[in-house]
Structure formats: C-alpha cells, structure tokens
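# Examining the three-dimensional arrangement
Here is how the chains run, residue by residue.
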Amino acid sequence: GTFSRADFVYDPRRDHYTVDINLDDPIVDESSWRLRIGGAVRHELELSLADLRAMPTLERLAALACISNPVGGDLVGNSRWTGVPVCDLLRLAGPRPGATFFEARGADGYAETLPLAAVGGEDALVAFAMNGAVLPRRHGFPARLRVPSRYGVKNVKWLTELVILDQAKLGYWGARGWDRDAIVRTQSRIDSPSHGDLVEERFTMAGVAW
C-alpha cells in the first residue's frame, strides 16, 4: 500500500543500533571540529559545525541497517536525519573531471569509499541531527554521513573529511572481505507479535520493511 510520513514509527535514539570498530567512541570538540573537503576538487573547503547548520538543510526519515544484520535481526533502525545534502557540498568544492569516487574519513580512524553517483541526489546527507535533536556522540557527533540504500558500513560517523578520488579504493570493511558496494537488499522484520507470543485467531501484525 501507500504510506504517509505519519505511518512510520522511528526508533528512540537510545534504541537505535550502533556498531563500532573501537571499544570507546571518540570525543570530538564541537568548537574545533571541521569538515574538510579536498582531493580532486577545484576548491578545497573547511566547514565548521556552525557553517553546516547555517546552510539549507533537509530532513529524511530512513532505515539504517548493518551489513551483518541477519534476517529478522535487530541491527536496523529508523530515524529522522537532518543535515546538508552531500551533493550541495560537492557542488561548492567542484570535483575535477575524471573524479568518480570519494573517501569519507572519521575521527575514529574509520574510512569508507563510495561512488560520487551514490550521493548525487538530495537524500544523501552530512547529518548533524537525529530525531529532532543534536546527533548523539554514539551516533557520530558532531556530524555523520547518511547515504540511502547503503548499509551502515558506508555511513561514516564522526565525519572529518571527504576526499574526492579519480579511482575506486577499498574501505575499512571492503579491505577485510566484505561487500565493497554494500548496497542494501530488501529485508523485513516483524516486531509485533513478539517471538513466542500467543495470538488470537485474528490479530494485528506490525513490522518494518526496507
């Protein structure tokens, strides 16, 4: 069927899954944090959090799933993400002819690569808010990448750099044998009734598909 925005339920921030490469999340100082955009560009950029917040922003309600989420698993969540479209930032930097990829780098040492075509629309964001509030530290404060139709491995947290490239490069998990494209496959999850619940002959079932 068709659904309006009001039909979707988003996960409370505390319930949204997280997966990290380190035991401790980095502590990033808001006043000194900068997002640097460089590499194969005409104009290198360095933006503060205040700069990002002052730009035209969009809000997107979207599911984010881990690439290791099993069928029916809980490594998936829905949230309202607010931020600046990546395509707007790239337009300001001006990728040079022949540039086809970019590497996103985080303050925790994590890095992943995506084709520029994956962020050509306005749904891909450098997000600085989640569910109407400041992005929590565990979800990448002060800003993170939020790219539709890609597993969480491509959605770099604690974002510090976007480096434009003229060729593909393996990211953190791609170099470790995981799917280098990380394109989300159709999945679903039933949340109600819970596993093992007794049900009547007629009952309501609810869940999420993405």
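Above this text you will find the structure in question.
Report on the accompanying structure.

Criteria and cut-off values
- Residues numbered from 1 in each chain as written.
- Predicted model: local features only at pLDDT ≥ 70, side-chain atom pairs only at ≥ 80, totals over all residues.
- Heavy atoms only, no water.
- Helix = DSSP H or I, 4+ residues; strand = E, 2+ residues; numbered from the N terminus.
- Rg over C-alpha atoms; globule rule 2.2 N^0.38 Å.
- Buried < 20%, exposed > 50% of the residue type's maximum accessible area, 1.4 Å probe, protein only.
- Contact = heavy atoms within 4.5 Å.
- Areas by Shrake-Rupley, 256 points an atom, 1.4 Å probe, with all protein chains shown as cover.
- Lys, Arg positive; Asp, Glu negative; His and termini not counted.
- Charge placed at Lys NZ, Arg CZ, Asp CG, Glu CD.
- Pairing = 2+ DSSP bridges.
- Axes fitted to C-alpha atoms, helices over the stretch in contact; angles between N-to-C directions.
- Patch = residues over 30% accessible without salt bridge, like charges linked within 9 Å, V, L, I, M, F, W, Y side chains within 5 Å.
- Salt bridge = Lys/Arg side-chain N within 4 Å of Asp/Glu carboxyl O.
- Arc of directions from axis to C-beta.
- Core = buried A, V, L, I, M, F, W, Y, C linked by side-chain atoms within 4.5 Å.
- Polar contact = N/O pair within 3.5 Å; in protein donor to acceptor, adjacent residues only side chain to side chain.

Scanning the chain for helices and strands turns up two helices and twelve strands. Secondary structure elements in the chain, listed N-terminal to C-terminal, are β-β-α-β-β-α-β-β-β-β-β-β-β-β. Relative to the 2.2 N^0.38 estimate, which gives 17 Å for 210 residues, the radius of gyration of the chain is 18 Å and therefore close to what a compact globule would have. Evaluated residue by residue, the chain yields a buried proportion of 45% over its 210 residues. In the chain, once contacts between residues fewer than 6 apart in sequence are set aside, the share between residues at least 24 apart is 69%. For the chain, the exposed surface amounts to about 11,500 Å²; the carbon and sulfur share of it is 50%. Here the chain contributes 25 positively and 27 negatively charged side chains, and the mean placements of these two sets differ by 4 Å.

Bringing the sheet that holds strand S10 (residues 159–165) into the picture now. Ordered by their spatial adjacency, five strands build an open sheet running S2-S1-S10-S5-S6, and the pairing between neighbours is mixed. Only two strands of the sheet have a single neighbouring strand rather than two, namely strand S2 (45–47) and strand S6 (111–115). Across the sheet, the mean angle from the axis of one strand to that of its neighbour is 15°, orientation sign disregarded. The sheet strands contacting helix H2 (residues 86–93) are strand S1 (35–39), S2 and S10, and the helix crosses S2 at an angle near 135°.

Turning to a nonpolar patch on the surface, a few remarks are in order. Among the surface-exposed residues, Ile-190, Val-199, Phe-203 and Met-205 lie close enough to one another that they form a single nonpolar patch of about 400 Å² accessible area. Along the chain, Ile-190 falls in strand S11 (residues 188–192). Classification of Ile-190 by relative accessible area gives exposed; the value is 53%.

Below, the discussion takes up unusual backbone geometry. Of note, the bond from Phe-141 into Pro-142 is cis; its omega dihedral lies within 30 degrees of zero at 10°. Examined against the element boundaries, Pro-142 turns out to sit in the loop between strand S8 (133–134) and strand S9 (144–146). Of the consecutive residues Ser-192 and Pro-193, the connecting peptide bond is found in the cis state with omega at 0°. With respect to the helices and strands, the residue Pro-193 is situated in the loop between S11 and strand S12 (206–209).

Okay, H2 next. Structurally, the α-helix is built with 3.6 residues per turn, so residues lying three or four positions apart point the same way. Looking only at H2, the buried set comprises Val-86, Cys-87, Leu-89, Leu-90 and Ala-93. Here the buried residues of H2 occupy an arc of 160° about the axis, which is enough to place them on one side. Following H2 by one or two positions, Gly-94 adopts a phi angle in the positive range, close to 70°.

Moving on, we come to the nonpolar core. Core analysis: the biggest nonpolar cluster contains 43 residues, and Leu-35, Leu-52, Leu-89, Phe-102, Val-126 and Leu-145 have the highest contact counts within it. Listing elements by their share of this core, those giving two or more residues are S1, S2, helix H1 (49–54), strand S4 (76–85), H2, strand S5 (101–106), strand S7 (125–130) and S10. The dominant element in this core, judged by the number of residues it contributes, is H2, at four residues. Ignoring any residue separated from it by four or fewer positions in sequence, one finds Leu-52 in contact with Trp-33, Leu-47, Thr-57, Val-84, Leu-89, Val-126, Phe-128 and Ala-143. Counting eight residues, the second-largest nonpolar core is a separate cluster that includes Cys-66, Trp-81, Leu-125 and Met-130.

So, on to the side chain of Arg-146. Looking at the secondary structure, you find Arg-146 in strand S9. We note that Arg-146 is buried and unpaired, the nearest opposite charge coming from Asp-123 at a distance of 9.5 Å. Within the structure, Arg-146 has its side chain in polar contact with the backbone oxygen of Ala-63 (distance 2.6 Å). Only 3.2 Å separates the side chain of Arg-146 from the side chain of Asn-155, close enough to count as a polar contact.

A separate point is the side chain of Gln-187. With respect to the helices, strands and loops of the structure, Gln-187 is situated in the loop between S10 and S11. For Gln-187, a relative accessible area of 15% gives the class buried. Dropping the residues within four chain positions of it, Gln-187 is found in contact with Asn-69, Pro-70, Val-71, Tyr-151, Val-208, Ala-209 and Trp-210.

A word on the pattern of salt bridges. Counting across every chain of the model gives nine salt bridges. The salt bridge partner of Glu-59 is Arg-80, with a shortest N-O separation of 3.1 Å. Within this pair, whereas Glu-59 is found in strand S3 (residues 58–65), its partner Arg-80 is found in strand S4, the two being separated by 21 residues in sequence. The class for Glu-59 is partly exposed, based on a relative accessible area of 30%.

Functional significance is not addressed by these values, which are geometric in nature.
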